[in-house]
Amino acid sequence: MASLPELQARFAAALRGDPGPIEHDVVGDGLEAAGRLDIYRNNARAVFEGALERTYPVLRRRVGEDYFRQLAHGYRERFPSRSGDLHGVGEHFARYLAETESDSGYAWLAELAELEWACECAFVAAHEQPVGPQALASLTQDELGLARLRLQPSLRCVASSFPVLDVWRANQPEADGRAVDLARGGQCVLVSCGVDGLELALVSAAALAFTRQLQAGVPLGDAVDESGLDLAELPGVLGMLFSGGLFTAVIGPSLESDSK
Amino acid sequence: MSSSPTANSSRPVPAGAGIGLRSAHHEALVRERPAVGWIEVHTENYFHDGGPHLAALERAREAYPLSLHGVGMGLGSADPLDRAHVARVARAIERFEPALVSEHACWGSHAGENFNDLLPLPYTDEAVVHLADRVAEVQDLLGRQILIENLSCYLSYSSSRLTEWEFLTAVVERAGCGLLLDVNNAYVNSVNVGLDAKAFIDGLPAGAVQEIHLAGHTRRQVGERTILLDDHGSRVPEAVWRLYEYAIRRFGAAPTVIEWDTNLPDLSVLADEAARAQRRLDGVRGLAA
């Protein structure tokens, strides 16, 4: 009689496509063991595909059911689930697509997947109480450049060489799914999630780089310098981030505590 | 996201009928406030730091007693216990303060790969010890008793030496856990693996059954054999209602939840199914009065 670990190893082999070792451990009763194990194998595949589909609905709509299933099959072989929580199943999908689709006509899929993964992460992130621009009021001009601005935990920065935001918008459930000219060029996107749901904003490359600097904890002045953001663009970018409720604290150079 | 206790925190689940709440019904639940006794959610869907779904459950639990039902712990896996998963369950318990917490008598992972399914255990003394000790370990980590649910099965093992009810009884006795009786699963198993469903109900320790699940299933012909798929995608069939009546005559009125996971209908359909369960529970109370 197989021990519990042996039995589970044989069952797992069957789920991976080799039913041979466990067939003698299974009672037939009118349906051979392979048929019974098929139910479990199909279920495991369907559960994985379903979780991936819920994370990547735009990509699924763009490539169609058959090709998505093919991608999911290859992805699962390379990156099987490692958790009892299915929400993380799609974590490596963009990387997988970058490796497997880069030489095909679908090189943009990896970048679309990166955007959808950013949406997934933003959707389940904590939401902190935002601060308004008055949080800057107490700072002098010198202090302003040294201040660190903390951003919402949900905020994600995505830079692509294809117009992935246009593709994403054209393939929302209420949209008509019209084709997007992929030669239109890249886009930079800020993804966040507030109380009303996901927000995706198109920004300039410099604004995206600036936001990334702030996310890394770089002081405001250095963030402008490092990102190459035109000073004339700064008020507009800060205004957009404030109005989106994306700042949660302003930390002045002489203050270790948050200024709210 | 606030996790502070409220006036409704840890409200006991009543011995009445409730529904399994899925995210597609979040808004409708808050808007329509259906007359159901309580709600149950899948624990893993509320593992995260925030977001609209957590906010929705915060609102829902203000109106209804809550149960957290886990589908991903795979307690019977020979793989090491996923303590990170248990820690996330503990966090969800701290945040939502449910009245009941439940898992399944199953395994789910091998060599680190998780199949995200409820896979059957052999009914052996070895499996009793393994599962019961895992349950006890999780109860220690969570600091509370959990309920263990009987599975729906598509196969049985030639190595099983115990009946399913003997297996579950032994786990309850060794681990000190409670039972969640899924009546649909018992019915499905009667067709799929020849379980005597009434003997199963008769054989369970009555004091351990603290919750009951009801759901629909799909009939499929596989070669010469009829197999019932436990897909939670339809109304509770009459045969399952009859078995439920048998169960509550034995166990008394127990908190009962209508599960529905595929082909999700309007919330009103779930509430209607819950009302059907409630009428049966009221009937049992009437007999006892």
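Parameters at a glance
- Residues numbered from 1 in each chain as written.
- Chains lettered and ligands numbered in written order.
- Predicted model: local features only at pLDDT ≥ 70, side-chain atom pairs only at ≥ 80, totals over all residues.
- Heavy atoms only, no water.
- Phe/Tyr/Trp six-rings, centres within 6.5 Å; stacked < 30°, edge-to-face > 60°.
- Helix = DSSP H or I, 4+ residues; strand = E, 2+ residues; numbered from the N terminus.
- Lys NZ or Arg CZ within 6 Å of the ring centre and 35° of its normal.
- Core = buried A, V, L, I, M, F, W, Y, C linked by side-chain atoms within 4.5 Å.
- Buried < 20%, exposed > 50% of the residue type's maximum accessible area, 1.4 Å probe, protein only.
- Contact = heavy atoms within 4.5 Å.
- Polar contact = N/O pair within 3.5 Å; in protein donor to acceptor, adjacent residues only side chain to side chain.
- Buried area = accessible area lost by both parts, 1.4 Å probe.
- Salt bridge = Lys/Arg side-chain N within 4 Å of Asp/Glu carboxyl O.
- Nonpolar A, V, L, I, M, F, W, Y, C, P; charged D, E, K, R; others polar.
- Expected span 1.5 Å × (residues − 1).
- Disulfide = S-S within 2.5 Å.

**Student:** Go over the packing of aromatic side chains with me, naming the residues and quoting the values.
**Tutor:** The full count for this structure, using the stated rule, is 14 aromatic pairs over all chains. Ring centres of Tyr67 of chain A and Tyr106 of chain A lie 5.4 Å apart, and the angle between their planes is 35°; this geometry places the pair in the tilted category. Taken together, the positions of Tyr67 of chain A in helix α4 (residues 65-78) and Tyr106 of chain A in the loop between α5 (93-101) and α6 (108-123) put the pair 39 residues apart, joining distant regions of the chain. Across from the ring centre of Trp241 of chain B, 4.3 Å away, lies the NZ or CZ of Arg280 of chain B, which sits over that ring.

**Student:** Which residues make up the nonpolar core, and what are the values?
**Tutor:** Core analysis: the biggest nonpolar cluster contains 105 residues, and Phe11 of chain A together with Leu181 of chain B have the highest contact counts within it. One finds Phe48, Val63, Val89 and Leu112 of chain A within the second-largest nonpolar core, a separate group that totals 38 residues.

**Student:** How would you explain the environment of Glu233 of chain A if you had to name every residue and give the values?
**Tutor:** Residue and element names in this part refer to chain A. Tracing the backbone shows Glu233 in the loop between α10 (220-227) and α11 (234-243). For the pair Glu233 and Val203, spaced 30 residues apart in the sequence, the C-alpha separation amounts to 11 Å. Apart from residues lying up to four places away in sequence, Glu233 is in contact with Ser204, Ala206 and Ala207. At 2.8 Å, the side chain of Glu233 forms a polar contact with the side chain of Ser204.

**Student:** Residue-level account of the interface of chain A and chain B, with values.
**Tutor:** Each partner contributes residues to the interface: chain A has 43 residues there, and chain B has 48 residues. Overall, the association of chain A and chain B removes approximately 3,800 Å² of surface from exposure, summing both partners, and the carbon and sulfur fraction of that is 59%. Counting the surface chain A buries against chain B, the share from its top three residues, Leu4, Gln8 and Tyr40 of chain A, is 17%. When the shortest N-O distance is used, the salt bridge between Arg16 of chain A and Glu113 of chain B registers 2.8 Å. For the side of chain A that touches chain B, the secondary structure elements donating two or more residues are α1 (4-15), α2 (33-55) and β3 (187-194) of chain A. Per element, the largest residue contribution to the side of chain A that touches chain B is eight residues, and it comes from α1 of chain A. Partitioning the side of chain A that touches chain B into residue classes produces 24 nonpolar, 12 polar and seven charged.

**Student:** I'd love a proper account of α4 of chain A, names of residues and values included.
**Tutor:** Here α4 of chain A is 14 residues long and its end C-alpha atoms lie 20 Å apart, about the 20 Å a rise of 1.5 Å per residue gives. All buried positions along α4 of chain A are accounted for by Phe68, Leu71, Ala72, Gly74, Tyr75 and Arg76 of chain A. Here the buried face of α4 of chain A lies against α2, α3 (57-63), α5 and α6 of chain A together with β6 (113-119) of chain B.

**Student:** Describe unusual backbone geometry, listing the residues and the values that go with them.
**Tutor:** Phi at Asp29 of chain A is positive, roughly 50°, even though this residue is not glycine. Relative to the helices and strands, Asp29 of chain A resides in the loop between α1 and α2. Residue classification places Asp29 of chain A among the partly exposed residues on the basis of a relative accessible area of 45%. The residue Ala111 of chain B is not glycine, and still its phi comes out positive at about 50°. Within the secondary structure, Ala111 of chain B sits in the loop between β5 (107-110) and β6. When its relative accessible area of 54% is taken as the criterion, Ala111 of chain B is described as exposed.

**Student:** Residue-level account of the state of the cysteines, with values.
**Tutor:** All names here are of chain A. For the structure on display, the rule yields zero disulfides over all chains. Cys121 takes part in no disulfide bond, and the closest cysteine sulfur, belonging to Cys119, lies 9.4 Å away. Judged by its relative accessible area of 18%, Cys121 is buried. Summary of cysteine pairing: Cys193 is not part of a disulfide, and the nearest cysteine sulfur, belonging to Cys119, is at 9.3 Å.

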